[in-house]
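What the coordinates show
Listed below are the residues making up each chain.
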Amino acid sequence: MLSSMTPTIIEKDGKLFMVVGTPGGPTIITSVFQTILNVTEHKMGMQQAVNALKFHHQWLPDKIQFEQGAFTPQTIQFLKEKGEKLQQLKGTLGRMDAILRRPDGKLEGAADPRADDTSIGY
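Keep in mind that this is a model prediction, so the values were computed, not measured. (Residues numbered from 1 in each chain as written. Predicted model: local features only at pLDDT ≥ 70, side-chain atom pairs only at ≥ 80, totals over all residues. Heavy atoms only, no water.)

The sheet built from three strands is open, its strands ordered 3-4-5 with mixed pairing. Whereas interior strands pair on both sides, the edge strands pair on one side only; in this sheet they are strand 3 (55-57) and strand 5 (86-89). Between one strand and the next, the sheet's axes are offset by a mean angle of 20 degrees, whatever the strand orientation. (Pairing = 2+ DSSP bridges. Helix = DSSP H or I, 4+ residues; strand = E, 2+ residues; numbered from the N terminus. Axes fitted to C-alpha atoms, helices over the stretch in contact; angles between N-to-C directions.)

Take a look at the structure:
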């Protein structure tokens, strides 16, 4: 299936940790996963994770799509040498909206600045 709704609620130690979602058809799962990894593995705050440039690959079409600036010139060259087909997008991938429960218990809302989204935290 190339499109999938993926409203995601993540718990940590039995408590709410993160809520993430986006529209985007076939890029939904990719955008949600990259945003989660940005927080959990790359130690970004929620807004920073949402702002991060994204890339996408799926079986058909067999090419890596990426936002302008998402890959360094060295990465682009490496992927081309490996035989990958690349497509730099004119637009964006996803329109992330997310909430992170910070260690102090406060909620950090994040909305994608590449869209007309807004967030408010408390």
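Following the structure, the description resumes.
In this section: the confidence of the model for the protein. Averaged over all residues, the pLDDT of the protein equals 91, while 95% of them reach at least 70. The least confident element of the protein is strand 7 (residues 107-111), whose mean pLDDT is 93; the most confident is helix 3 (residues 73-81), at 98. (pLDDT = per-residue confidence, 0-100.)

What follows deals with the sheet that holds strand 7. Within the open sheet, the four strands sit side by side as 1-2-6-7. Their pairing is antiparallel. Bordering the open sheet on either side are strand 1 (8-12) and strand 7, each of which pairs with just one other strand. Direction aside, the axes of adjacent strands within the sheet are offset by 20 degrees on average. In this structure, strand 1 lies alongside strand 2 (residues 15-21), joined through five bridges in antiparallel fashion. Its bridge partner lying in strand 2, Lys12 is registered against Lys15. Along the sheet, helix 1 (residues 28-40) makes contact with strand 1, strand 2 and strand 6 (97-101), crossing strand 2 at roughly 140 degrees. (Contact = heavy atoms within 4.5 Å.)

Residues Met18, Val20, Val32, Val39, Met46, Val50 and Leu100 are the most contacted members of the largest nonpolar core, which totals 14 residues. Top element by residues in this core is helix 1. It accounts for four residues. Once residues within four sequence positions are removed from consideration, Val32 is found in contact with Thr6, Thr8, Val20, Gly21, Thr22 and Met96. Grouped together as the second largest cluster of nonpolar side chains are five residues, Phe66, Phe71, Ile76 and Leu79 included. (Core = buried A, V, L, I, M, F, W, Y, C linked by side-chain atoms within 4.5 Å. Buried < 20%, exposed > 50% of the residue type's maximum accessible area, 1.4 Å probe, protein only.)

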